[in-house]
Every structure is written in structure tokens, then in C-alpha cells.
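# Inside the fold
This is what each chain is made of:
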Amino acid sequence: QGLLSEQALALYRAILGHIEYRPDLGQAFWEAGPRKARDLTFDLLLQEFPEHEARKRARLFFHVALGDVYLERTLGRSSEYDPERLEAQLQEAVALALRPL
């Protein structure tokens, strides 16, 4: 629930609101969060797939894992955290990242 907490969403929205004037904030956020998580996922997938495949699968994993649940919360469309919906989205992301191509 960390990424979906009100505090995390408020920070993300604040960064987005200032990115035009402070692109360094966006870069710092990227390096401290999404890039680290994606790199860890890439390292895990690298044990099963060639480098180019592992990198592509890591990107896909994060797009599907965050997907609608994160976007709707970020945009204020959904005010409640739905753990079952997020779990289903995460299961889909894992299946996609590991499926044969």
C-alpha cells in the first residue's frame, strides 16, 4: 500500500506539479524509486531470460503492476485502496512477465 498511501500520492502529485520548473525533482524521484524497483526486477528476470528480454519484461511488469489502480488513485478518481483489485493486477503482471513469448 506504500505507493497508494495518501502521503505517497501527495508527494508524487507535488513532484509532477513542479517538474516544469524543477526537473531535478523528477530525476531524483525516478532514481530513488521507480528505477531502483525496475532494476531489482530486471536482476531477477535476468536469471531466467536474456538481457534484452529481461529489460523488456521488467518494463512491462511495472506498467501492468501499477496500471489502473495507481493511475486512478493518482488522478483522484478512486479515493479508496482496494487490495483485492491491486492483488489481481499484480498477479496479471507476474504472469505477463514470466510467460513464454
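Higher on the page you've got the structure.
Starting from 1, residues in each chain are numbered consecutively following that chain's sequence as written. Where local features are concerned, this predicted model is filtered to residues with pLDDT of at least 70; where side-chain atom pairs are given and counted, the filter is 80 or more; whole-chain, interface and lining totals use all residues. To get the side-chain values, take all heavy atoms of the structure and skip hydrogens and water.

Broken down by element type, the protein chain carries 5 helices and 0 strands. Its helices and strands in sequence order give the protein chain the pattern α-α-α-α-α, from N to C terminus. Each principal axis of the C-alpha distribution contributes one length, and for the protein chain these read about 40 × 35 × 20 Å. Think of it in three bands: with a 1.4 Å probe and only protein chains considered, a residue is buried below 20% of the maximum accessible area for its type, exposed above 50%, and partly exposed in between. Among the 101 residues that make up the protein chain, the fraction classed as buried is 25%. Strands are runs of DSSP state E lasting at least 2 residues, helices are runs of H or I lasting at least 4, and numbering of each runs from the N terminus.

Here we come to the environment of Glu48. Tracing the backbone through its elements, the reader meets Glu48 in the loop between α3 (34–45) and α4 (51–74). It is 27 Å that separates the C-alpha atoms of Glu48 and Leu3, two residues lying 45 residues apart in sequence.

It is worth spelling out the packing of aromatic side chains at this point. Working definition: a ring pair exists when centres of Phe, Tyr or Trp rings (six-membered ring for Trp) sit within 6.5 Å. Plane angles under 30 degrees give stacked, over 60 give edge-to-face, the rest tilted. One pass over the structure, following the stated rule, counts 3 aromatic pairs. Ring geometry for Tyr12 against Phe29: centres 5.5 Å apart, planes inclined by 35 degrees, an arrangement best described as tilted. Taken together, the residues Tyr12 in helix α1 (residues 6–18) and Phe29 in helix α2 (residues 23–32) connect sequence positions 17 residues apart. For Phe29, a relative accessible area of 24% puts it in the partly exposed group.

What follows concerns the pattern of salt bridges. For this document, the term salt bridge refers to a Lys or Arg side-chain nitrogen within 4 Å of an Asp or Glu carboxyl oxygen. In total, this model carries 9 salt bridges according to the counting rule given. Between Arg73 and Glu6 there is a salt bridge, with the nearest N and O atoms lying 3.1 Å from each other. Pair noted here: Arg73 is in helix α4 and Glu6 is in helix α1, with a separation of 67 residues, a long-range link. Judged by relative accessible area, Arg73 falls into the buried class, the value being 6%.

Axis geometry follows a simple rule: fit a line to the C-alpha atoms, using only the stretch in contact for helices, then measure angles between N-to-C directions, giving values from 0 to 180 degrees. At their nearest, the axes of α1 and α2 sit 8 Å apart, and the two run at 140 degrees to each other. Relative to α2, α1 is oriented so that their crossing is left-handed. The residues of α2 that touch α1, namely those facing Tyr12, Ile15 and His18, are Leu25, Gly26 and Phe29. Only Asp, Glu, Lys and Arg are considered charged in this grouping, and only Ala, Val, Leu, Ile, Met, Phe, Trp, Tyr, Cys and Pro are considered nonpolar; every other residue, Gly among them, is considered polar. Looking at the contact of α1 with α2 residue by residue, the classes come out as 4 nonpolar, 2 polar and no charged. Definitions for this section: a left-handed crossing has its near helix turned counterclockwise from the far helix by less than a right angle. A right-handed crossing has that turn clockwise. By definition in these notes, contact holds between two residues if any of their heavy atoms fall within 4.5 Å.

Tracing the backbone through its elements, the reader meets Thr74 in helix α4. A C-alpha to C-alpha distance of 16 Å links Thr74 and Gly26, two positions 48 residues apart in sequence. If near-sequence neighbours (up to four positions away) are discounted, Thr74 is found in contact with Leu9, Tyr12 and Arg13. Distance and chemistry together define a polar contact, namely a pair of N or O atoms within 3.5 Å, with one atom able to donate a hydrogen and the other to accept it when in protein, and with adjacent residues in sequence counting only for side-chain atoms on both sides. Among the polar contacts listed, one links the side chain of Thr74 to the backbone oxygen of Tyr70, at a separation of 2.8 Å.

The next subject is the side chain of Arg57. Within the secondary structure layout, Arg57 lies in helix α4. In contact with Arg57, other than residues within four places in its own chain, are Leu45, Phe49, Leu96, Ala97, Leu98, Arg99, Pro100 and Leu101.

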